[in-house]
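Observations on chain architecture
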Amino acid sequence: MKNTDLERLEKRLKGISAAKILDVACGRGEFIAMLMPSLGHYGRFVAIDSERRAVDFCGEQFKDAPVEALQMDAEKMDFAEGEFDVAAISNSVHHMVRPKKVIDEMIRVLKPGGLLFISEMYCNGKQTPAQKNHIRMHHWCARIDSRMGIAHHLTYTREKLERFADSLNLDKLETYEINFTQEAPKEAVEKTIAILDPYHDRIKNHPDYEKLGAEKDRIKKNLYKDGLGSAARLFIIGTKPENG
């Protein structure tokens, strides 16, 4: 990773004070855990997710912190216009049925001059074999989910992410490349490999079961050979127009 990008992002985040922060598609709360020590100051977080188990986990994870976890549709949030200083989403744009609608809703609940954070992995560019294994595995999981009727698209290219950000009603777009190339420890790789078979078995009766099984075997082989790394991502910051 370019150290200058990380340093610029760290400096930028430390300069941000936000009384109320929204985290969309909170999952297990990893993005909140990253933002808490990174921001200069924060008041409280509101985390939303469509999945009850994610909301319950996030609520338990941050039970002693200023975090409220709610089950909610990201396309139609139960928040007033201009309620948040920051609205954030991490590695979830490609999980949305209508990503533009979700982001537009996030912008709606931002105060004029408020900040939108998008942190999203991308699938192209110069990435190590270990990082490419992460991308291949993620895309394979997306194919499994799609056959189960779960919204999960292939991850974007860097260029598509940038075009997506450009299409939004935002001012002062800032882009930071986050590209850690270190590999996961062997134990983590083995745990990852162990989840592939049960994940695959969810579509045991689907016509594509065998085809996706052959792809799974290739992924396992590559994981044993090259290891696993975290795919590169873009961290995008945009400002809601003062008259928006």
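Details of the structure are given in the entry above.
Now for a description of the structure that goes with this document. (Residues numbered from 1 in each chain as written. Predicted model: local features only at pLDDT ≥ 70, side-chain atom pairs only at ≥ 80, totals over all residues. Heavy atoms only, no water.)

Quick look at unusual backbone geometry now. With a phi angle near 55°, Ala 25 is a residue other than glycine that sits in the positive phi range. Looking at the secondary structure, you find Ala 25 in the loop between β1 (17–24) and α2 (30–38). For Ala 25, a relative accessible area of 22% corresponds to the partly exposed category. (Helix = DSSP H or I, 4+ residues; strand = E, 2+ residues; numbered from the N terminus. Buried < 20%, exposed > 50% of the residue type's maximum accessible area, 1.4 Å probe, protein only.)

If you trace the backbone, Gly 27 turns up in the loop between β1 and α2. Between the C-alpha atom of Gly 27 and that of Phe 57, which follows or precedes it by 30 residues, the distance is 8.1 Å. Beyond its immediate stretch of four places on either side in the chain, Gly 27 contacts Asp 49, Ala 54 and Cys 58. (Contact = heavy atoms within 4.5 Å.)

Next up on the list: the packing of helix α7 (residues 186–200) against helix α8 (residues 209–226). One can describe the packing of α7 onto α8 by two numbers: an axis separation of 11 Å at closest approach and a directional angle of 175°. Comparing their axes, α8 and α7 come out roughly antiparallel. Counting all contacts with α7, which are made through Val 189, Thr 192, Ile 193, Leu 196, Asp 197 and His 200, the residues of α8 involved are Tyr 209, Leu 212, Gly 213, Lys 216, Ile 219, Lys 220, Leu 223 and Tyr 224. A per-class count over the contact of α7 with α8 returns 8 nonpolar, 3 polar and 3 charged. (Axes fitted to C-alpha atoms, helices over the stretch in contact; angles between N-to-C directions. Parallel < 35°, antiparallel > 145°, perpendicular 65-115°, else oblique. Nonpolar A, V, L, I, M, F, W, Y, C, P; charged D, E, K, R; others polar.)

A few words now on the packing of aromatic side chains. A full pass over the atoms with the stated rule returns 6 aromatic pairs. Considering the side-chain rings of Phe 79 and Phe 84, the 5.0 Å spacing of their centres and the 80° angle between planes classify their relative orientation as edge-to-face. In this structure Phe 84 comes out as buried when scored by relative accessible area, which is 0%. A connected cluster of aromatic rings, assembled from ring pairs, spans Phe 31, Phe 117 and Phe 235. The ring of Phe 57 is capped by Arg 28, whose NZ or CZ atom sits 4.0 Å from the centre of that ring. (Phe/Tyr/Trp six-rings, centres within 6.5 Å; stacked < 30°, edge-to-face > 60°. Lys NZ or Arg CZ within 6 Å of the ring centre and 35° of its normal.)

Structurally, Thr 239 can be placed in strand β7 (residues 233–239). Assessed through its relative accessible area of 10%, Thr 239 is described here as buried.

The strand order β3-β2-β1-β4-β5-β7-β6 describes an open sheet built from 7 strands, whose pairing is mixed. The open sheet has two edge strands, β3 (67–71) and β6 (171–178), and neither has a second partner. Adjacent strand axes in the sheet meet at a mean angle of 20°, parallel and antiparallel pairs treated alike. Relative to β7, β6 runs antiparallel, the two sharing 6 bridges. The residue bridging Glu 174 from the neighbouring strand is Ile 237, located in β7. Packed on one face of the sheet, helix α4 (residues 99–108) meets β1, β4 (84–90) and β5 (110–121) and runs near 145° to β5. (Pairing = 2+ DSSP bridges.)

With that settled, consider the nonpolar core. Core analysis: the largest hydrophobic core is formed by 31 residues, its most contacted members being Leu 22, Val 24 and Leu 116. Mapped by element, the contributors of at least two residues to this core are β1, β2 (41–49), β4, α4, β5, α6 (158–166) and β7. Looking at which element gives the most residues to this core, the answer is α4, with 4 residues. Those residues in contact with Leu 116 that lie beyond four places of it in its chain are Ala 87, Ile 103, Met 106, Ile 107, Leu 110, Leu 168, Leu 170, Ile 236, Ile 237 and Gly 238. Counting residues in hydrophobic clusters, the runner-up holds 26 residues, among them Ile 16, Ala 18, Phe 62 and Leu 115. (Core = buried A, V, L, I, M, F, W, Y, C linked by side-chain atoms within 4.5 Å.)

Take α8 next. Taking 1.5 Å of rise per residue, the 18 residues of α8 would be expected to cover 26 Å, and the 25 Å separating its terminal C-alpha atoms lies within 8% of that figure. Inspection of α8 places Tyr 209, Leu 212, Gly 213, Glu 215, Lys 216, Ile 219, Lys 220 and Leu 223 among the buried residues, and these make up the whole buried set. Along the long axis of α8, the arc covered by the buried residues comes to 160°, so they all point the same way. Summarising the geometry of α8, the exposed residues directed more than 90 degrees from the buried face are Glu 210, Lys 211, Arg 218, Lys 221 and Lys 225. Along its buried surface, α8 packs onto α5 (129–147) and α7. Two residues or fewer past α8, Gly 227 is found with a positive phi of approximately 80°. (Expected span 1.5 Å × (residues − 1). Arc of directions from axis to C-beta.)

Remember, this is a structural readout, not a statement about activity or role.
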